[in-house]
Amino acid sequence: MIEIGNLDFHYGPSQALHDITLNIAEREVTAFIGPSGCGKSTLLRCLNRMNDLIDGARISRGAIRIRGVDIHQRDVEVMELRKRVGMVFQKSNPFPKSIYENVVYGLRLQGVRDKTRLDEAVETSLRGAALWDEVKDRLHASGLSLSGGQQQRLCIARTIAIEPEVILMDEPCSALDPIATAKVEELIHQLKLRYTIVIVTHNMQQAARCSDRTAFFYLGKLIEFAPTREIFMTPSNPQTEAYVSGRFG
Amino acid sequence: MSHANHHPFRAKPSLGRTFEAGVFWVLRSTAYIILLCGGFVFGDIVLKGSSTVFRTEFPFVNTTFLTEAPESLYVFEHDGVKREMGDREFRAFRGAEARKAEAAGKPAPEIKATSYVYSAGGIYPCIVGTVLLVVGSMSIALALGVASAIFLNEYARQGRFIRVVRLTILNLAGVPSIVFGLFGMGLFVIFLDWNVSLLAGWFTLALMVLPVVITASEESLKAVPQGFREASLALGATKWQTIRKAVLPFALPGILTSSILGIARVAGETAPIMFTAAFVVRDKLPWQDLERASDFFFQGVMALPYHIYVVSSKIPQNEYTERVQYGTAFVFLLIVAAIATTSIVLRARLRRRYRW
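Comments concerning the overall build of chain A
Step number 1: Assigned secondary structure in chain A consists of 10 helices and 10 strands.
Step number 2: Taken over the C-alpha trace, chain A has a radius of gyration of 18 Å; the compact-globule value for 249 residues is 18 Å, and the two agree within 12%.
Step number 3: Dimensions along the principal axes, computed over C-alpha positions, put chain A at roughly 55 × 45 × 30 Å.
Step number 4: Of all intrachain contacts in chain A linking residues separated by at least 6 positions in sequence, the fraction that spans at least 24 positions is 66%.
Step number 5: In the form shown here, chain A has an accessible surface area of approximately 11000 Å², with 48% of it arising from carbon and sulfur atoms.
Step number 6: Of the side-chain charges in chain A, 31 are positive and 30 negative, and the distance between the mean point of each set is 2 Å.

Some remarks on the interface of chain B and chain A
A common way to express how large an interface is: the accessible area buried when the components associate.
Step number 1: Every contact between the two is made by 22 residues of chain B and, on the other side, 26 residues of chain A.
Step number 2: At the boundary of chain B with chain A, total buried surface from both sides reaches about 1900 Å², with 65% on carbon and sulfur atoms.
Step number 3: Counting every contact that joins chain B to chain A gives 2 salt bridges.
Step number 4: Linking Glu 230 of chain B and Arg 45 of chain A is a salt bridge whose minimum nitrogen-to-oxygen distance equals 3.0 Å.
Step number 5: Where chain B packs against chain A, one counts 5 residue pairs in polar contact (both at pLDDT 80 or more).
Step number 6: Elements with a contribution of two residues or more to the side of chain B that touches chain A: helix H8 (226-234) and helix H9 (239-268) of chain B.
Step number 7: Residue contributions to the side of chain B that touches chain A peak at 7 residues, all from H8 of chain B.
Step number 8: A class-by-class count of the residues in the side of chain B that touches chain A yields 10 nonpolar, 7 polar and 5 charged.

A look at the pairing of strand S4 (residues 57-66) of chain A
All names here are of chain A.
Step number 1: Bridge analysis of strand S1 (residues 2-11) against S4 gives 8 bridges, and the strand direction is antiparallel. Its bridge partner being in S4, His 10 is matched across the sheet by Arg 58.
Step number 2: Linking two consecutive strands that pair antiparallel, namely S4 and strand S5 (residues 69-70), is a turn of 2 residues; a positive phi of about 50 degrees is found at Arg 67 within it.

Looking at the packing of aromatic side chains
Step number 1: This model, assessed by the stated rule, comprises 18 aromatic pairs over all chains.
Step number 2: A centroid spacing of 5.2 Å and a plane angle of 65 degrees characterise the contact between Phe 32 of chain A and Phe 217 of chain A, whose relative ring orientation is edge-to-face. Here Phe 32 of chain A is found in strand S3 (residues 29-33), whereas its partner Phe 217 of chain A is found in strand S9 (residues 213-218), with 185 residues between them in sequence. One exposure class covers both Phe 32 of chain A and Phe 217 of chain A, and it is buried.
Step number 3: Look at Phe 296 of chain B and Phe 297 of chain B: their rings are 5.5 Å apart centre to centre, the planes differ by 90 degrees, and that puts the pair in the edge-to-face class.
Step number 4: Each residue in the set Phe 95 and Tyr 105 of chain A together with Phe 228 and Phe 250 of chain B is aromatic and connected to the rest through ring pairs, giving one cluster.
Step number 5: Its guanidinium or amino end placed over the ring of Trp 25 of chain B, Arg 28 of chain B lies 5.0 Å from that ring's centre, counting from NZ or CZ.
Step number 6: In this structure, Lys 239 of chain B packs its charged tip against the face of Tyr 155 of chain B, placed 5.6 Å from the ring centre.

What to know about the environment of Pro 253 of chain B
Residues and elements named next belong to chain B.
Step number 1: In this fold, Pro 253 is placed in helix H9.
Step number 2: For Pro 253, a relative accessible area of 6% corresponds to the buried category.
Step number 3: Pro 253 sits 95 residues away from Ala 348 along the chain, and the two C-alpha atoms are 7.6 Å apart.
Step number 4: Among all residues touching Pro 253, those that are not within four sequence positions of it are Arg 347, Leu 350 and Arg 351.

Observations regarding the domain arrangement of chain B
Residues and elements named next belong to chain B.
Step number 1: Domains assigned within chain B are domain 1 (72-120) and domain 2 (124-353).
Step number 2: For domain 1 versus domain 2, the separation of C-alpha centres amounts to 45 Å.
Step number 3: Every contact between the two is made by 8 residues of domain 1 and, on the other side, 10 residues of domain 2.
Step number 4: The contact between domain 1 and domain 2 buries some 750 Å² in all, and 63% of this surface belongs to carbon and sulfur atoms.
Step number 5: In terms of surface lost to domain 2, no three residues of domain 1 exceed Tyr 116, Tyr 118 and Ser 119, which account for 68% of the buried area on that side.
Step number 6: In this assembly, domain 1 and domain 2 are joined by 1 salt bridge.
Step number 7: For the salt bridge of Arg 323 with Glu 84, the shortest nitrogen-to-oxygen distance reads 3.7 Å.
Step number 8: Counting only elements with at least two residues in the side of domain 1 that touches domain 2, the list comes to strand S1 (70-78), strand S2 (81-86) and strand S3 (113-121).
Step number 9: The element best represented in the side of domain 1 that touches domain 2 is S3, accounting for 4 residues.
Step number 10: For the side of domain 1 that touches domain 2, the class distribution of residues is 5 nonpolar, 1 polar and 2 charged.

Thoughts on a nonpolar patch on the surface
Step number 1: On the surface, Phe 19, Val 23 and Leu 27 of chain B cluster together into a nonpolar patch covering about 320 Å² of accessible area.
Step number 2: Mapped onto the elements, Val 23 of chain B comes out in helix H1 (residues 15-53).

Overview of the packing of helix H11 (residues 304-313) of chain B against helix H12 (residues 319-353) of chain B
Two quantities define a packed helix pair, namely the angle between the helix axes and the distance between the axes.
Residue and element names in this part refer to chain B.
Step number 1: Where H11 contacts H12, the two axes come as close as 9 Å, and the packing angle between them is 165 degrees. Classified by the angle between their axes, H11 and H12 sit roughly antiparallel to one another. Crossing of H11 over H12 shows left-handed handedness. Packed against H11, whose contacting residues are Leu 304, Pro 305, His 307, Ile 308, Val 311 and Ser 312, the element H12 presents Thr 321, Val 324, Gln 325, Thr 328, Ala 329, Phe 332 and Ile 335 at the interface.
Step number 2: For the contact of H11 with H12, a count of residues per class yields 8 nonpolar, 5 polar and no charged.

Looking at helix H6 (residues 177-191) of chain B
Residues and elements named next belong to chain B.
Step number 1: Between its terminal C-alpha atoms H6 stretches 20 Å, which fits the 21 Å expected from 15 residues at 1.5 Å a residue.
Step number 2: When the local axis directions of H6 are compared, the greatest deviation, roughly 30 degrees, occurs at Met 185.
Step number 3: For H6, the secondary structure elements touched by its buried residues are helix H5 (160-172), helix H7 (198-223) and helix H10 (271-274).
Step number 4: Count one or two residues on from H6 and you reach Asp 193, which has phi positive near 60 degrees.

Side note on unusual backbone geometry
Step number 1: Notably, Ala 130 of chain A is not glycine yet its phi reads approximately 55 degrees, a positive angle.
Step number 2: The residue Ala 130 of chain A is located in the loop between helix H4 (115-128) and helix H5 (132-135) in this model.
Step number 3: Here Ala 130 of chain A falls in the partly exposed class, since its relative accessible area comes to 34%.
Step number 4: The residue Tyr 118 of chain B is not glycine, and still its phi comes out positive at about 60 degrees.
Step number 5: Here Tyr 118 of chain B lies in strand S3.
Step number 6: Judged by its relative accessible area of 15%, Tyr 118 of chain B is buried.

Considering the pairing of S1 of chain B
Residues and elements named next belong to chain B.
Step number 1: Of all 9 residues making up S1, 7 are buried, and the element is well covered by its neighbours.
Step number 2: Pairing of S1 with S3 involves 6 bridges; the strand directions are antiparallel. Following the sheet pairing, Phe 76 is matched in S3 by Ala 113.
Step number 3: Bridging between S1 and S2 involves 6 bridges; their strand directions are antiparallel. Bridge assignment links Leu 73 to a residue of S2, and that residue is Gly 86.
Step number 4: Taken together, S1 and the strand that follows it, S2, pair antiparallel across an intervening segment of 2 residues, in which Asp 79 is found at a positive phi of about 50 degrees.

Parameters and conventions
- Residues numbered from 1 in each chain as written.
- Chains lettered and ligands numbered in written order.
- Predicted model: local features only at pLDDT ≥ 70, side-chain atom pairs only at ≥ 80, totals over all residues.
- Heavy atoms only, no water.
- Helix = DSSP H or I, 4+ residues; strand = E, 2+ residues; numbered from the N terminus.
- Rg over C-alpha atoms; globule rule 2.2 N^0.38 Å.
- Contact = heavy atoms within 4.5 Å.
- Areas by Shrake-Rupley, 256 points an atom, 1.4 Å probe, with all protein chains shown as cover.
- Lys, Arg positive; Asp, Glu negative; His and termini not counted.
- Charge placed at Lys NZ, Arg CZ, Asp CG, Glu CD.
- Buried area = accessible area lost by both parts, 1.4 Å probe.
- Salt bridge = Lys/Arg side-chain N within 4 Å of Asp/Glu carboxyl O.
- Polar contact = N/O pair within 3.5 Å; in protein donor to acceptor, adjacent residues only side chain to side chain.
- Nonpolar A, V, L, I, M, F, W, Y, C, P; charged D, E, K, R; others polar.
- Pairing = 2+ DSSP bridges.
- Phe/Tyr/Trp six-rings, centres within 6.5 Å; stacked < 30°, edge-to-face > 60°.
- Buried < 20%, exposed > 50% of the residue type's maximum accessible area, 1.4 Å probe, protein only.
- Lys NZ or Arg CZ within 6 Å of the ring centre and 35° of its normal.
- Domains from an automatic or database assignment.
- Patch = residues over 30% accessible without salt bridge, like charges linked within 9 Å, V, L, I, M, F, W, Y side chains within 5 Å.
- Axes fitted to C-alpha atoms, helices over the stretch in contact; angles between N-to-C directions.
- Parallel < 35°, antiparallel > 145°, perpendicular 65-115°, else oblique.
- Left-handed = near helix turned anticlockwise from the far one by under 90°.
- Expected span 1.5 Å × (residues − 1).
- Bend = angle between axes of the 7 residues up to and from the residue.

The following block contains the structure:
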């Protein structure tokens, strides 16, 4: 569904990604792993063009196609792209507004005013993010009154409220405790049924637990991309093997 | 361990400790001296000013002082009694005396009075003028300041040009206010032909506080976590939608804080308005006898700081003018405090609503 072809990426003069070619399949979880600074987050942020915000960041070669459309083409409306390709960030970042307002933020942007539609969206999205039962009695409490794990699931609810096709997750559990992490991982399993998910993670066990395919990056290069089981059991590249067995990284 | 005071952490007198104590006292006394100076200035104004503003009998407030225009004070002796009267009262009194004398068939008595300018009546037009100047110029300064802060912080590509713009804005804050006054007179009063008017004063004062407002607004925008912007953009918002819904509301408390400082400056500055907006004396209130609604903006007003300046340096000094000086200064402090309190309350409300 997402085809990345021969992608080179620069931050100003320094090259962050070298010749990445990768296909991401629909309704699967694809994990990007690798040591810090290997370019996995950079690649993730290319997929919904969040890198546009950074001065001097540019794609110097290659292209990213989503459903066959080059997303860096001139006539692509980046707002439309981001509605289709949602993102959950490393640090949970709910707005300091009510839980309800957080979830409907994207819909309100699209000009949805109908109260019943908004109410429905809030319930479906919060159920989808496995948060409904915990917050249904205090939808108008501040989003910041929730615990860290709940905040992150609220961010996921906010993302699925606008019904994207792809959800990008940038180390969504790095600030969470193991129990909250387990909940988010369980949620990823459910979300997979409806969305294409790309997750960047530092935690190899997490990649092993919840992804279908794993891509290992090192120094801006894609070292190996294969079904997760293969990457962890029978890696073909010695660098991959060294990383997943914990010898470096 | 039989002797509890022989533990290894026991304090020993040393040079370092003495020095430490000395530094502490120097710092402490500096703070106290500043407090003392401030207390003395405020105490003096409050003490002497309150005797003009407040009364011992009902209604406890000197309503004449707060609700009427300045008048000349006439001091004279009549039938062996020393009397003080405002202009209108004095004329009525003289007329009455003359009629009394006429009825008795005597020539009108000559009343010899000494007059003191602006020492009777009140300062109502000045209060009105200052409030109008503050509200108008702060609205202009906030609109322009927040807009340019948004541009500088959110839209502009951070490069050398923007650094120069920022530096220029900062330097603007160091320009003496009299220069702003002369600039305002040149541009607004003469070139744009607005005359000495509210509008000219508004823009001159707004330009003067603009650097403070811009710098502080930019700081408050920077304080809004980058995560809010990213989250909003990732949900398909345009840049402007992001700023309006996910940045500006959370920056407002900080922007209001800066405007509180601005209010005190705008209300207190004399130099920028003396050429652009302030009249020494004006009989009509700004909303009286307007031919067209637009005339409201093109008229001068009286203002508290300028009135203080006039009564303390432009007229002969005596015991009667002192009352007006202190009274005006006191009322001025009260008004600035009132406006500042309003914005502090507003800020507290916003903070409660948007806390992160």
